[in-house]
Amino acid sequence: MRIYLTVIDDTPEAEIALRFAARRAVKTGGGVEILALVPKQEFIAFAGVQATIEEEARLHAEGLVARAAGTLIEEAGLRPSLTVRQGDGPKIIREMIAANPDISALVLGAATSGAPGPLVAHFASDLSALSVPLMIVPGNLDQEAIDRLS
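Values in this document were obtained by computation on a predicted structure and should not be read as measured data.

Draft legend 1. Molecular detail of the sheet that holds strand 5 (residues 134-138). Here we have 5 strands laid out as an open sheet, ordered 3-2-1-4-5, and parallel in their pairing. Here the strands that pair on one side only, and so sit at the sheet edges, are strand 3 (81-86) and strand 5. For this sheet, the mean angle separating the axes of adjacent strands, direction not counted, is 25 degrees. Of the pairings in the sheet, the one linking strand 1 (residues 3-8) to strand 4 (residues 103-110) comprises 4 bridges and is parallel in character.

Here you go:
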């Protein structure tokens, strides 16, 4: 089965990439893998404070993934795979692609202005770091345009 891997966060472009991935999956009989990345927290001398900060970040990421999954189920009838991982985003993405041969594309949304976003910039600058196509969805597309293009 063809799986579209997308990364969810609090940005509008992440939601656009998710919608595009979902529409492609529906049209190709595939699926969607939603990844939420929890950034590694800086070391804080007090272990209890560090653990609380890390737990809050993880809970926030899990909430993002759950909300995104609910949207996919409601709008597209898709039941996505969900992953929450802590650490370096590009490294985690490469590991997930290497571990799952069904992942056929990485779908990322570009910001509407300024820099496209750290993951887009990273992977677009070195496409040899990926073994699947990179689909970059412009962040300024509305839902009708996404549905038409996907």
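Resuming the write-up.
Draft legend 2. Focus on the pattern of salt bridges. Counting across every chain of the model gives 4 salt bridges. One salt bridge in this structure joins Arg19 and Asp147, with 2.9 Å as the shortest N-O distance. One end of the pair, Arg19, is in helix 1 (residues 12-28); the other, Asp147, is in helix 5 (residues 143-149), and 128 residues separate them in sequence. Note on Arg19: relative accessible area 14%, which makes it buried. A salt bridge links Asp147 to Arg23, with the nearest nitrogen and oxygen atoms 2.9 Å apart. One end of the pair, Asp147, is in helix 5; the other, Arg23, is in helix 1, with 124 residues separating them in the sequence.

Draft legend 3. The pairing of strand 4, seen in detail. Extensive coverage of strand 4 is indicated by the burial of 7 of its 8 residues. In this region the chain leaves strand 4, passes through helix 4 (residues 118-125) and returns to the parallel neighbour strand 5; the handedness of that crossover is right-handed.

Draft legend 4. A look at the pairing of strand 2 (residues 31-38). With 7 of 8 residues buried, strand 2 lies mostly within the body of the structure. Across 6 bridges, strand 1 lies against strand 2 in parallel orientation. Bridge assignment links Tyr4 to a residue of strand 2, and that residue is Val32. In this fold, the crossover linking strand 1 to strand 2 by way of helix 1 has right-handed handedness. Taken together, the 6 bridges between strand 2 and strand 3 define a ladder with parallel strand orientation. For Glu33, the partnering residue across the bridge sits in strand 3 and is Ser81.

Draft legend 5. Seen up close, the environment of Pro12. With respect to the secondary-structure elements, Pro12 resides in helix 1. A relative accessible area of 55% places Pro12 in the exposed class. Residues Pro12 and Asn140, 128 residues apart in the sequence, show an inter-C-alpha distance of 9.3 Å.

Draft legend 6. Broad picture of the confidence of the model for the protein chain. The predicted model of the protein chain has a mean per-residue pLDDT of 84, with 84% of residues at 70 or higher. Strand 4 holds the highest mean pLDDT among the elements of the protein chain, 96, whereas helix 2 (residues 47-76) holds the lowest, 67.

Draft legend 7. Layout of the nonpolar core. Formed by 22 residues in total, the largest nonpolar core has its most connected members in Tyr4, Ile8, Val32, Ile34, Val65 and Val107. Secondary-structure elements contributing two or more residues to this core are strand 1, helix 1, strand 2, helix 2 and strand 4. When neighbours within four sequence positions are excluded, Val65 is seen to be in contact with Ile8, Ile34, Ala36, Leu82, Thr83 and Val84. In this structure, Leu5, Leu108, Val132 and Leu134 belong to the second largest nonpolar core, which totals 17 residues.

Definitions and limits used
- Residues numbered from 1 in each chain as written.
- Predicted model: local features only at pLDDT ≥ 70, side-chain atom pairs only at ≥ 80, totals over all residues.
- Heavy atoms only, no water.
- Pairing = 2+ DSSP bridges.
- Helix = DSSP H or I, 4+ residues; strand = E, 2+ residues; numbered from the N terminus.
- Axes fitted to C-alpha atoms, helices over the stretch in contact; angles between N-to-C directions.
- Salt bridge = Lys/Arg side-chain N within 4 Å of Asp/Glu carboxyl O.
- Buried < 20%, exposed > 50% of the residue type's maximum accessible area, 1.4 Å probe, protein only.
- Right-handed = clockwise from strand over helix to strand, strands pointing away.
- pLDDT = per-residue confidence, 0-100.
- Core = buried A, V, L, I, M, F, W, Y, C linked by side-chain atoms within 4.5 Å.
- Contact = heavy atoms within 4.5 Å.

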